[in-house]
Amino acid sequence: CLSLAMLGEEYDLTLDGFSFVDDLYRLKNFELRVACGEHRLELKGEALGNRLLLSINSAGQIFRKEIELKEEVLLANTLTPFYVLPSLYPGRRFTVSLIDPLTLTLGKAEVIVGEKQDYYFRKEMRQVLPVEVKYQGISSRALITEEGELLREETPLGWVMVKEDRTEALKWLE
C-alpha cells in the first residue's frame, strides 16, 4: 500500500497481483488488482501464442483488449530471475521486452552489467556483478553472482531486498 498526495489530499493506493510463468519464465498469465479510495480495477492477462488477451474490470464494466506480441515478453517487475536472461559479463548491455500491466503497453528495458566487485554476504566475501535495469526512466539495481544467484536488489521505490535462507527470513515472526 502506498500513500500518494494528489491535489492537496492523501490517497492510499494498493496494488496486489500475481503472475504465472513456464519453466523458462515466459509469461503465461497474470492478475493485478488496484484500489484507491472507493475505486477498484482488476486486470487479467493470458499469453496465447503471439497474443496477450486482457480483461479489464473497472467500475463494474468489463473491457477486453488484445495485444499482438512480436516476441516473448517478461512481466514488468524487478523479481524476474536474472538467470533467464542472456549470459551476464562485465560491460554487457542488452534489452528485454516487457509488458507493463499498469499501462498495458509493451516496452523495452535496458540491462547494463557493471564491472565485478566484492560484496560481503553471510560473513564471506563474494564476487558479484552489479546489474542495472532501466525501464521508462526508472532504474533498479541488483548484485548477482556469475552463476546467476541474486544476492541483493534495490527497487526504484528505495526498498532493499537481501537474499536470506528460509529460517533467517522467518526469524522475525518468532
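For the structure itself, consult the block above.
The structure presented is a predicted model; accordingly, all values stated were derived computationally and were not measured.

Enquirer: Help me understand the nonpolar core, please; the structure alone is not making it clear to me.
Expert: Looking at soluble globular proteins, one finds that nonpolar side chains tend to be buried together. Grouped together as the largest cluster of nonpolar side chains are 16 residues, with contacts concentrated most on Phe-30, Leu-43, Leu-52, Leu-54, Ile-67 and Ile-99. The element contributing the most residues to this core is strand E3 (residues 27-36), with five residues.

Enquirer: Before we go on, may I ask you to explain the pairing of strand E5 (residues 51-58) in this structure?
Expert: The two faces of the sheet receive side chains in turn, since in a regular strand these alternate between them. Direction of pairing for strand E4 (residues 39-48) relative to E5: antiparallel, over a ladder of eight bridges. Bridging from a neighbouring strand, Glu-42 pairs with Asn-57 of E5. Strand direction decides the pairing type here: E5 and strand E6 (residues 61-68), joined by eight bridges, are antiparallel. Residue Leu-54 lies in a different strand from E6, and its bridge partner there is Lys-65.

Enquirer: Sorry if this is basic, but what is going on with unusual backbone geometry here?
Expert: Glycine aside, residues mostly have negative phi angles, and peptide bonds mostly take the trans form. Even without being a glycine, Arg-122 presents a positive backbone phi close to 50°. Here Arg-122 shows up in the loop between strand E10 (117-121) and strand E11 (124-135). Positive phi, close to 50°, is recorded for Gln-136, a residue that is not glycine. As for its placement among the helices and strands, Gln-136 is situated in the loop between E11 and strand E12 (138-144). Among the residues examined, Gln-136 registers a relative accessible area of 56% and is labelled exposed.

Enquirer: What exactly am I supposed to notice about the pairing of E11 here?
Expert: Where strand E9 (residues 105-113) and E11 come together, four bridges link them in antiparallel fashion. By the bridge assignment for E11, Val-113 is matched with Val-131. Bridge analysis of E10 against E11 gives five bridges, and the strand direction is antiparallel. Looking across to E11, one finds that Asp-118 is bridged to Gln-127. What sits between the antiparallel neighbours E10 and E11 is a turn of two residues, in which Arg-122 has the positive phi angle 50°. Looking at chain direction, E11 and E12 are connected through seven bridges and run antiparallel. Considered in E12, the bridge of Leu-129 is made with Ile-144.

Enquirer: I'm lost on the packing of aromatic side chains in this one. Help?
Expert: What describes a pair of aromatic rings is the distance from one ring centre to the other and the angle between the planes of the rings. Taken as a whole and assessed by the stated rule, the structure comprises one aromatic pair. Taking 6.2 Å as the distance between ring centres and 25° as the angle between the ring planes, the aromatic pair formed by Tyr-119 and Phe-121 counts as stacked. Take Tyr-119: its relative accessible area is 15%, and that puts it in the buried class.

Enquirer: How should I be thinking about the pattern of salt bridges in this particular structure?
Expert: Should the charged atoms of two oppositely charged side chains come close, the side chains can pair. Summed over all chains, the structure comprises ten salt bridges. For the salt bridge of Asp-16 with Arg-33, the shortest nitrogen-to-oxygen distance reads 2.9 Å. One end of the pair, Asp-16, is in strand E2 (residues 9-21); the other, Arg-33, is in strand E3, with 17 residues separating them in the sequence. On the basis of relative accessibility, which here comes to 28%, the residue Arg-33 falls in the partly exposed class. Because the salt bridges share partners, they merge into one network encompassing Asp-16, Glu-31 and Arg-33.

Enquirer: Could you clarify how one ought to interpret the environment of Ile-99 in this entry?
Expert: Along the chain, Ile-99 turns up in strand E8 (residues 93-100). For Ile-99, a relative accessible area of 0% puts it in the buried group. For Ile-99 and Glu-72, which are 27 residues apart along the polypeptide, the C-alpha to C-alpha distance reads 9.8 Å.

Enquirer: Even after reading the chapter, I still don't get the side chain of Arg-126, so can you show me in this structure?
Expert: Note that Arg-126 resides in strand E11. Looking at Arg-126, its side chain comes within polar contact range of the side chain of Glu-149, at 2.8 Å. If near-sequence neighbours (up to four positions away) are discounted, Arg-126 is found in contact with Gln-117, Asp-118, Tyr-119, Phe-121, Thr-145, Glu-149 and Leu-151.

Analysis parameters
- Residues numbered from 1 in each chain as written.
- Predicted model: local features only at pLDDT ≥ 70, side-chain atom pairs only at ≥ 80, totals over all residues.
- Heavy atoms only, no water.
- Core = buried A, V, L, I, M, F, W, Y, C linked by side-chain atoms within 4.5 Å.
- Buried < 20%, exposed > 50% of the residue type's maximum accessible area, 1.4 Å probe, protein only.
- Helix = DSSP H or I, 4+ residues; strand = E, 2+ residues; numbered from the N terminus.
- Pairing = 2+ DSSP bridges.
- Phe/Tyr/Trp six-rings, centres within 6.5 Å; stacked < 30°, edge-to-face > 60°.
- Salt bridge = Lys/Arg side-chain N within 4 Å of Asp/Glu carboxyl O.
- Polar contact = N/O pair within 3.5 Å; in protein donor to acceptor, adjacent residues only side chain to side chain.
- Contact = heavy atoms within 4.5 Å.

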